[in-house]
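Per-entry structural report
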Amino acid sequence: MAVTADEVANVVLSEFKKLPAKRKPTVRGNGLHEWVPLSGIVAKGPAFLKCVALATGMKCLPASKLPQANGVAIHDWHAEVLALRAFNRFILDECKRLTLDSTFTSDFLCRTSSSSLPPFIWCPDVSLHMYCSEAPCGDSSMELIMASQPDSTPWSSPILFSEQPDGQLLGRGYFSHLGIVRRKPSRPDAPPTNSKSCSDKIALKQCTSLLSSLTSLLISPKNVYLTSLVLSESQYSETGCTRCYGFDFDSSPPGRMSCLTTKPPTWADGYKTSPFKIETTQHEFDYSKRTVTARSDKISPSNLAVCWTYNKEVEEGIIGGVLQGRKAFDIKGASAVSRMKMWRLAVEVAEGLHGPEGELLKELKRGTYDEVKEESVLLQSRRKVKEEVRGEALKGWVRNTGDGGFRL
């Protein structure tokens, strides 16, 4: 039986409500009421519906700080991106338990044959869904941003699928340029970032799957694609979402991913184009901007981000890309979903496996983090997918480099 948008939203909202007060926005001493976006990943199986990962957050690391991150600080902790990182952490923890405990049976993963790589596969009868309390930043939300402006003149002659006007990634500016890759929005006086918008990252996931590079060394991407994206009804723009995520060239407006269907890509190892449905819910998050505004006219975005996973391996607060209460870039402040911690966990899983996984361990211990991602022969198919999608559908994608030279 198909899952509804309300059911997806409710299971995420219910899990967030169970978190302790220290993980939630608050009312500051000066009377400001905090708000924050929430996102979650939901798994629907034959007999269950579970939120397996959720996150809140709305900030990212400036490009100038990346060399200091050293695998410790998270680059992008917008709720949508942090939820995806938490989902990958959840999968790695499931893999570790399957590796160490022969009596454990996962509702989500199973081992492939002893002679194949990757060694795990997502269960084919378990579908994946994503909930977002706010419109993902970037192209899918441009109409909503413009509707909130006093003057919508820039929409008089929209420029579809253009290149960036100055060769740089745009945040909220240049409203008339639609269908382009954008960076995370920020205040005009904030240091620039090269972190791509949530809209762009989610659009790419329709081709790369929800898996990260390191996780895809352990799990086949074949079944790890979103079936639906659920948005709050007030945060849905049909025009923006059709253009941003769509694969239909004949739609109005045409989907920017449509170039991948006019000339179907030839990808291997389970990679494919997998469009998701976009559905809406009237259920509101208790700490959405709209809900908080209804309670008070004195509001402020929260500095606190939170991530959580179903298997209880992760429940933490994050400020400035590191664990709440830790100094910036302090290795003791590395989140469970940081590059360093995720890489170490992937190595632990590979070390616990037997048979042909010796090759897998060799790839994971190749050298630097960048060398694993960019040189592993087991990631050739993934790199091809990313290269083609960024070169054709998501043109102008500027890589966020500077934090890949660290080692375990």
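In this report, the structure presented in the accompanying data block is examined. (Residues numbered from 1 in each chain as written. Predicted model: local features only at pLDDT ≥ 70, side-chain atom pairs only at ≥ 80, totals over all residues. Heavy atoms only, no water.)

1. Points about the sheet that holds strand β2 (residues 38-44)
Stated precisely, the cut-off is as follows: When DSSP finds two or more bridges between two strands, those strands count as paired. The way it works is that DSSP assigns letters per residue, a run of H or I at least four long becomes a helix, a run of E at least two long becomes a strand, and they are numbered from the N terminus. Contacts: residue pairs with any heavy atoms within 4.5 Å of one another. Angles run from 0 to 180 degrees between N-to-C directions of axes, and those axes are lines fitted to C-alpha atoms, restricted for helices to the stretch in contact.
The eight strands lie next to each other as β11-β10-β6-β2-β3-β13-β14-β15, forming an open sheet whose pairing is mixed. Single-partner strands in this sheet number two, and they are β11 (277-281) and β15 (322-323). By the bridge criterion, four bridges tie strand β3 (residues 49-56) to strand β13 (residues 305-309) in an arrangement that is antiparallel. By the bridge assignment, Ala53 is partnered in β13 with Thr309. The strands touched by helix α1 (residues 5-18) are β2, β3, β6 (127-132), β10 (226-232), β11 and β13; relative to β3, the strand with the most contacts, the crossing angle is about 60°.

2. Description of the nonpolar core
Definition in use: The definition of a nonpolar core used throughout is a set of buried Ala, Val, Leu, Ile, Met, Phe, Trp, Tyr and Cys residues joined through side-chain atoms within 4.5 Å. Any residue under 20% of the maximum accessible area for its type is buried, any over 50% is exposed, and the rest in between are partly exposed; the area is computed with a 1.4 Å probe on protein chains only.
Core analysis: the largest hydrophobic core is formed by 86 residues, its most contacted members being Phe87, Trp122 and Val389. Setting aside residues up to four positions removed in sequence, Phe87 forms contacts with Ile41, Val52, Ala53, Trp122, Leu128, Leu210 and Val224. In terms of nonpolar packing, the next biggest core, distinct from the first, is built from 20 residues, Val12, Leu13, Leu19 and Cys51 among them.

3. Here's the deal with the side chain of Lys196
Here is the rule we go by: For the charge count, each Lys or Arg is scored as positive and each Asp or Glu as negative, with His and the chain ends excluded. We define a salt bridge as a side-chain nitrogen of Lys or Arg found within 4 Å of a carboxyl oxygen belonging to Asp or Glu. Whenever a nitrogen or oxygen atom comes within 3.5 Å of another N or O atom, the pair is scored as a polar contact, on the condition that within protein one atom can donate a hydrogen and the other can accept it, and that pairs from neighbouring residues in sequence are kept only if both atoms are in side chains.
Locating Lys196 in the fold gives a position in the loop between β8 (177-178) and α5 (198-208). One buried charged side chain, Lys196, makes no salt bridge at all; its nearest oppositely charged neighbour is Asp76, positioned 8.4 Å away. At 2.7 Å, the side chain of Lys196 forms a polar contact with the backbone oxygen of Asn194. Reaching out from Lys196, the side chain makes a polar contact with the backbone oxygen of Val398 at a distance of 2.4 Å.

4. Thoughts on the packing of aromatic side chains
Aromatic rings considered in pairs are described by the distance between their centres and by the relative angle of their planes. To keep it simple, the criterion reads: Classification of ring pairs rests on two measures: the distance between centres of Phe, Tyr or Trp rings, Trp counted by its six-membered ring, which must be within 6.5 Å, and the angle between planes, read as stacked under 30 degrees, edge-to-face over 60 and tilted in between.
Summed over the entire model, instances satisfying the criterion amount to twelve aromatic pairs. Both rings, one in Phe90 and one in Phe108, keep their centres 5.1 Å apart while their planes meet at 80°; by these two values the pair is edge-to-face. Residue Phe90 is located in helix α3 (residues 79-100), and its partner Phe108 is located in the loop between α3 and β4 (109-111); the two are separated by 18 residues in the primary sequence. Its relative accessible area of 2% is what places Phe108 among the buried residues. For the pair Phe108 and Tyr310, a centre-to-centre distance of 6.1 Å together with 80° between the ring planes defines the contact as edge-to-face. Note that Phe108 is positioned in the loop between α3 and β4 and Tyr310 in the loop between β13 and β14 (315-319), a separation of 202 residues in sequence. Tyr310 sits in the partly exposed class, given a relative accessible area of 27%. Here the aromatic cluster, defined as three or more aromatic residues joined through ring pairs, consists of Phe48, Phe87, Phe90, Phe108, Trp122 and Tyr310.

These values are about where atoms sit, not about what they do.
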